Amino acid sequence: AQSVTQLDSQVPVFEEAPVELRCNYSSSVSVYLFWYVQYPNQGLQLLLKYLSGSTLVESINGFEAEFNKSQTSFHLRKPSVHISDTAEYFCAVSFTGGGNKLTFGTGTQLKVEL
Amino acid sequence: DTGVSQDPRHKITKRGQNVTFRCDPISEHNRLYWYRQTLGQGPEFLTYFQNEAQLEKSRLLSDRFSAERPKGSFSTLEIQRTEQGDSAMYLCASRSTLANEQFFGPGTRLTVL
């Protein structure tokens with residue numbers, strides 16, 4: 001079985017500062033990795049994904065995440081955050097043999113302050 | 001492509017009542033997933049369909065829960081004899097077998113009084 005750990009439940013940061021949201025996973029098989037973002041009272045939106053290939057993946061709005069197999073991590077980073085980035089961020093894993101169902105972490109609330 | 005839709009968006013019911021939620025996936029997505037999200041937690045997998053076949057159910061899905069996808073398009077999730085512990089956001093997602101990402105609907109928030 002897989003599991004996902006997001007150690008930081010809340011991360012406050014000032015606007016234009018860099019941020020890192022941590023994600024570690026546990027799995028006995030190869031996994032696919034995802035970051036989803038959830039704004040208040042909305043569903044989840046895919047932010048970025050790692051399936052294979054380059055271990056550094058980027059989103060269109062400046063976020064990036066790096067797959068580190070040896071550390072079983074998939075941390076999310078942004079060099080300069082904006083107020084509009086305030087949201088809940090969920091890390092998730094899936095694997096082909098499990099119907100690609102997602103196993104999520106408990107989420108990290110990113111609060112960007114002026 | 002209008003995205004995944006769910007109805008209703010909010011449902012308030014009394015303990016012991018039955019409720020039914022509907023999910024309309026992105027057209028031609030043959031896989032459909034249901035998740036439950038409680039306050040302060042990440043979504044938890046409940047069940048999934050490939051076309052009309054229900055291929056897996058989580059142990060979280062007690063016998064009071066039933067899901068269907070009769071024609072391989074929309075899906076319904078029914079909860080019988082609701083309990084206060086069923087209060088949660090119920091999320092639906094769909095995907096094509098040609099891609100690995102799931103697209104989520106806005107969710108149905110259930111409150112059991």
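Quick caveat, the model's predicted, so the values are computed rather than measured. (Residues numbered from 1 in each chain as written. Chains lettered and ligands numbered in written order. Predicted model: local features only at pLDDT ≥ 70, side-chain atom pairs only at ≥ 80, totals over all residues. Heavy atoms only, no water.)

Enquirer: Quick question: what am I supposed to make of the state of the cysteines here?
Expert: Should the sulfur atoms of two cysteines be covalently bonded, the bond is a disulfide. All names here are of chain B. Applying the stated rule across the entire model yields 2 disulfides over all chains. Bridging cysteine 23 to cysteine 92, the disulfide has an S-S length of 1.8 Å. When the S-S torsion is -65°, as for the bridge of cysteine 23 with cysteine 92, the disulfide is left-handed. Of the two residues, cysteine 23 is situated in strand 3 (residues 19–24) and cysteine 92 in strand 9 (residues 88–95); the sequence distance between them amounts to 69 residues. The pair cysteine 23 / cysteine 92 is uniform in exposure class, with both members buried. (Disulfide = S-S within 2.5 Å. Helix = DSSP H or I, 4+ residues; strand = E, 2+ residues; numbered from the N terminus. Buried < 20%, exposed > 50% of the residue type's maximum accessible area, 1.4 Å probe, protein only.)

Enquirer: Looking at this structure, how should I read the pattern of salt bridges?
Expert: Residue and element names in this part refer to chain B. Scanning the model with the defined rule gives 9 salt bridges over all chains in all. Measuring nitrogen to oxygen at the nearest pair gives 2.7 Å for the salt bridge that ties aspartate 24 to arginine 22. A relative accessible area of 34% means that arginine 22 is categorised as partly exposed. One salt bridge in this structure joins arginine 64 and glutamate 83, with 3.4 Å as the shortest N-O distance. Note that arginine 64 is positioned in the loop between strand 6 (53–57) and strand 7 (65–68) and glutamate 83 in the loop between strand 8 (75–79) and strand 9, a separation of 19 residues in sequence. (Salt bridge = Lys/Arg side-chain N within 4 Å of Asp/Glu carboxyl O.)

Enquirer: Any chance you could explain the interface of chain B and chain A here in plain terms?
Expert: Interfaces are frequently sized by the accessible area removed from exposure as the parts join. Chain B puts 20 residues into the contact, and the matching count from chain A is 20 residues. Summed over the three residues of chain B that lose the most area to chain A, namely Asn100, Glu101 and Phe104 of chain B, the buried surface amounts to 31% of that side. Where chain B touches chain A, the interface holds 2 salt bridges. Note that glutamate 56 of chain B is salt-bridged to lysine 101 of chain A, the shortest N-O span being 2.9 Å. There are 7 residue pairs in polar contact (both at pLDDT 80 or more) connecting chain B and chain A. Listed by contribution, the elements that provide at least two residues to the side of chain B that touches chain A are strand 4 (31–37), strand 5 (44–50) and strand 9 of chain B. The element best represented in the side of chain B that touches chain A is strand 4 of chain B, accounting for 4 residues. (Contact = heavy atoms within 4.5 Å. Buried area = accessible area lost by both parts, 1.4 Å probe. Polar contact = N/O pair within 3.5 Å; in protein donor to acceptor, adjacent residues only side chain to side chain.)

Enquirer: In this structure, what is going on with the nonpolar core? I would like to understand it.
Expert: All names here are of chain A. Grouped together as the largest cluster of nonpolar side chains are 28 residues, with contacts concentrated most on Leu33, Trp35, Leu48, Phe74, Leu76 and Tyr89. Sorting the residues of this core by element identifies strand 2 (10–14), strand 3 (19–21), strand 5 (32–38), strand 6 (44–50), strand 8 (64–68), strand 9 (73–78), strand 10 (87–94) and strand 12 (108–113) as the ones contributing at least two each. Among the elements that make up this core, the one with the highest residue count is strand 10 (4 residues). Leucine 48 has contacts with Leu33, Phe34, Trp35, Val57, Glu58, Ser59, Phe63, Glu64, Ala65, Phe74 and Leu76, leaving out every residue within four places of it along the chain. (Core = buried A, V, L, I, M, F, W, Y, C linked by side-chain atoms within 4.5 Å.)

Enquirer: Explanation requested: the sheet that holds strand 7 of chain B in the structure shown.
Expert: Strand pairing in a sheet relies on backbone hydrogen bonds, with the paired strands running either antiparallel or parallel. Residues and elements named next belong to chain B. Strand order across the open sheet formed by 4 strands is 1-3-8-7, with antiparallel pairing between neighbours. The sheet is open, and its two borders are formed by strand 1 (5–7) and strand 7, each paired with just one other strand. Across the sheet, the mean angle from the axis of one strand to that of its neighbour is 15°, orientation sign disregarded. (Pairing = 2+ DSSP bridges. Axes fitted to C-alpha atoms, helices over the stretch in contact; angles between N-to-C directions.)

Enquirer: When you look at the confidence of the model for chain B in this model, what are you seeing that I'm missing?
Expert: Detail in the predicted coordinates should be disregarded across regions flagged by low pLDDT. A residue-level look at chain B finds 99% of positions with pLDDT of 70 or above and a mean pLDDT of 94. Put simply, strand 6 of chain B is where chain B has its lowest mean pLDDT, 93, and strand 3 of chain B is where it has its highest, 98. (pLDDT = per-residue confidence, 0-100.)

Enquirer: Help me understand the side chain of arginine 36 of chain B, please; the structure alone is not making it clear to me.
Expert: Residues and elements named next belong to chain B. With respect to the secondary-structure elements, arginine 36 resides in strand 4. For the buried arginine 36, no salt bridge is present, and the opposite-charge side chain at shortest range is aspartate 86, 4.5 Å distant. Setting aside anything within four residues of it in sequence, one finds arginine 36 in contact with Gly42, Pro43, Glu44, Leu46, Leu60, Phe65, Asp86, Ala88, Met89 and Tyr90. (Lys, Arg positive; Asp, Glu negative; His and termini not counted.)

Enquirer: Got a minute to help me understand unusual backbone geometry in this structure?
Expert: Generally, phi is negative for residues other than glycine and the peptide bonds are trans, each holding for most cases. With an omega dihedral of -5°, the bond running from aspartate 7 of chain B to proline 8 of chain B counts as a cis peptide bond. Its location among the elements puts proline 8 of chain B in the loop between strand 1 and strand 2 (10–13). Positive phi is not limited to glycine here, since threonine 72 of chain A has a value of about 45°. Note on placement: threonine 72 of chain A falls in the loop between strand 8 and strand 9. Of note, arginine 81 of chain B is a non-glycine position whose phi angle comes to about 50°, a positive value. A relative accessible area of 45% places arginine 81 of chain B in the partly exposed class.

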